[in-house]
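# Structural overview for review
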Amino acid sequence: MRSQASDLPVGKAQPRRKTSRLAPLIALIILLTIPLYYPALRDSSKKLYETTSPRLEDLEDPITLTSHVEEAPPTENPCSIDCHDDNKASVDTAVVVDRQPAPVMKKNDKGRRKRMKSGKGQREDEKVQAMMRGRSSHRGKIRSRVFEGDECDLFSGEWVPDPDGPYYTNETCYAIQEHQNCLKFGRPDRGYLKWRWKPDECELPLFDPQQFLQLVRGLSLAFVGDSVARNHMQSLICLLSRVASPVDMSEPGDQNKRYEYREHDFNITMFWSPYLVKTAKTDPNDERRPYELFLDEPDPHWTSQVALFNYVIISAGHWFFRPTYFSLHGRRMGCLYCPEPDVTHLTSYFSYRRAFRTAFRAINDAGFGGVAFLRTYAPSHFEGAAWDKGGDCARTRPYRRSEVVLEDYSLEMYLIQLEELRIAQKAAGRRSGGKFKLFDATVAMLLRPDGHPSKYGHWPVINNTLANDCVHWCLPGPIDAWNDFLLQLFKTELE
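Criteria and cut-off values
Residues numbered from 1 in each chain as written. Predicted model: local features only at pLDDT ≥ 70, side-chain atom pairs only at ≥ 80, totals over all residues. Heavy atoms only, no water. Axes fitted to C-alpha atoms, helices over the stretch in contact; angles between N-to-C directions. Helix = DSSP H or I, 4+ residues; strand = E, 2+ residues; numbered from the N terminus. Parallel < 35°, antiparallel > 145°, perpendicular 65-115°, else oblique. Contact = heavy atoms within 4.5 Å. Nonpolar A, V, L, I, M, F, W, Y, C, P; charged D, E, K, R; others polar. Disulfide = S-S within 2.5 Å. Buried < 20%, exposed > 50% of the residue type's maximum accessible area, 1.4 Å probe, protein only. Pairing = 2+ DSSP bridges. 1 Å grid on protein atoms, 1.4 Å probe; cavity = no way out; pocket = protein on both sides within 12 Å on 5 of 7 lines; lining within 4 Å. Points joined across faces, edges and corners; volume = space filled by probe spheres on them.

## A word on the packing of helix H5 (residues 227–240) against helix H10 (residues 481–494)
It is the contact of H5 with H10, at a shortest axis distance of 9 Å, that shows an interaxial angle of 75°. Accordingly, the angle class assigned to the pair H5 and H10 is roughly perpendicular. For the pair H5 and H10, contact is made by Val228, His232, Ser235, Leu236 and Leu239 and by Trp482, Asn483 and Leu486, respectively. Split into classes, the residues belonging to the contact of H5 with H10 amount to 5 nonpolar, 3 polar and no charged.

Next up, the structure:
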């Protein structure tokens, strides 16, 4: 800590030492290289892959506090203080839209190329590649356990041309929010609307709204999560709009939503819970300040009602990259991107794993008797720079599988979800209660960098540069395929 004048000892004057000419330069270098607000970044780059895959037989061990060496945050883009601002959507929809950031894809990694010029950089890269191969192998093992012998893997496949799409427009569906309305705000290309998902080993029929409503008569569906979960729900409402319109039972301005299809005795509810667990604002008057996450306490807002539903789709992701404080067992255990140097600096992986474990346990403890689907992490696609430095997602066609791989933070988040889902499945099996199923959207969405709003979620603002949106998805757009998946999953359960 810097000494103040009043703190200097009183006594005999000391001769003044000569200051080196290099001192100002050294001080400037230190000032520019030490993170002032995010002390956790000081060693995150070298520890990004120092995670170890738990053995499958050990996945039910009790949660224990681990150091920041166990898991490390993505280093591409820490969330800045002003990224907490949730932009308001249109007055008509009256909901809060979370413009959460996400790490940038390392498409043009200049830093990596510089490191590769030295032998040390090459050795580090080889270690990273070896670690990633190990993580990918673990992914295959845990994923095969999660599927539990399903006949067809709907989620392994490729995007193929679909000249007949889309199956609704922004003029035929009222449920599209402004920031997802890419057609309204002048996106010039339409190619991103002309693809459908084709599994490798079976057919995936396109969503049939009439068939869906027949299957779900007398049933209820809940979405639990953040704005990408709401994005999914709105896609479902738009696809159903071809044959039916719901009654909106939501309170004005409420982020939670409820829709009733009364002629079909079916209802949909959206529970806004971006962290899945109990949270609190560190400053009640400032939405931009970090949240406190109580990682071992369920969010009663949705867990108290979950047993009332036949189906639940639970998901979460990008909010976990925001600055947050972590509490376990009634006391603060650490933080992510917080300014205090005396707090243990943990990672988004730390909170992500514990949040899902707590949420799944709460579903089991609530006496839930239906089917809970884990909709896995949908990667963002920022390229060229960080989200707040001009990063964009301007591609106009899907990737082929040979062009991109699941890696880095996206792979880690995905693996955490699979591991925690397996734990929940085994616990549910012992209780003979509800079921937990995989809704694997990760790889399919990894291949769709062309499906985000980018700059087409609003009209241009004079003298104001807004961040591109490479987190949410255009409607109509690629996530309409999530409801192709959903219909097939329902048919499997009900037939």
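## Observations concerning the state of the cysteines
Scanning the entire structure with this criterion turns up 5 disulfides. With its sulfur 1.7 Å from that of its partner, Cys152 forms a disulfide with Cys202. Residues Cys152 and Cys202 share a disulfide whose torsion about the S-S bond is about -65°; that sign makes it left-handed. In this pair, Cys152 is assigned in the loop between helix H3 (119–147) and strand E3 (157–161) and Cys202 in the loop between strand E4 (195–199) and helix H4 (209–215), connecting sequence segments 50 residues apart. On the accessibility criterion, Cys202 (19% relative accessible area) is buried.

## Section: the pairing of strand E13 (residues 331–336)
Pairing of strand E12 (residues 324–328) with E13 involves 5 bridges; the strand directions are antiparallel. From the neighbouring strand, Tyr325 faces E13, where its bridge partner is Cys335. As consecutive antiparallel partners, E12 and E13 are separated by 2 residues, and within that stretch His329 has a phi angle of approximately 55°, a positive value.

## Some details on empty space enclosed by the protein
Summed over all chains, the structure comprises 3 cavities of 30 Å³ or more. Every residue lining the largest cavity is counted, 22 residues in all, and those nearest its centre are Tyr167, Trp195, Gly477, Asp480 and Ala481. Those elements that provide at least two residues to the lining of the largest cavity are E4 and H10. When the residues that make up the lining of the largest cavity are grouped by side-chain class, the tally is 14 nonpolar, 2 polar and 6 charged. Roughly 50 Å³ of internal volume is contained in the second largest cavity. Around the second largest cavity, the lining residues are Asp226, Val228, Ser315, Ala316, Gly317, His318, Arg375, Tyr377 and Ala378. Residue composition of the lining of the second largest cavity, by class: 4 nonpolar, 3 polar and 2 charged.

## Quick look at the sheet that holds strand E14 (residues 371–375)
If you walk across this open sheet you meet the 7 strands as E6-E7-E8-E5-E11-E14-E15, and the pairing is mixed. The sheet terminates laterally at strand E6 (247–248) and strand E15 (435–439), the two strands that pair on one side only. As paired elements, strand E5 (residues 220–225) and strand E8 (residues 266–272) share 6 bridges and run parallel to each other. Paired with Val224 across the bridge in E8 is Phe271. Strand contacts of H10: E5, strand E11 (311–314), E14 and E15, with the helix running at about 145° to E15, the strand carrying the most contacts.

## A few points about the pairing of E14
Among the 5 residues in E14, 5 count as buried, and that is most of the element. Of the two faces of E14, the one carrying Val371, Phe373 and Arg375 and the one carrying Ala372 and Leu374 are both buried. Judged from the 4 bridges that link them, E11 and E14 form a sheet pairing that is parallel. Opposite Ile313, over in E14, you have Phe373 as the bridge partner. Relative to E15, E14 is paired through 5 bridges, and the arrangement is parallel. Each bridged residue has a counterpart across the sheet, and for Val371 the counterpart in E15 is Lys435.

Limitation: the analysis is restricted to geometry and does not speak to function.
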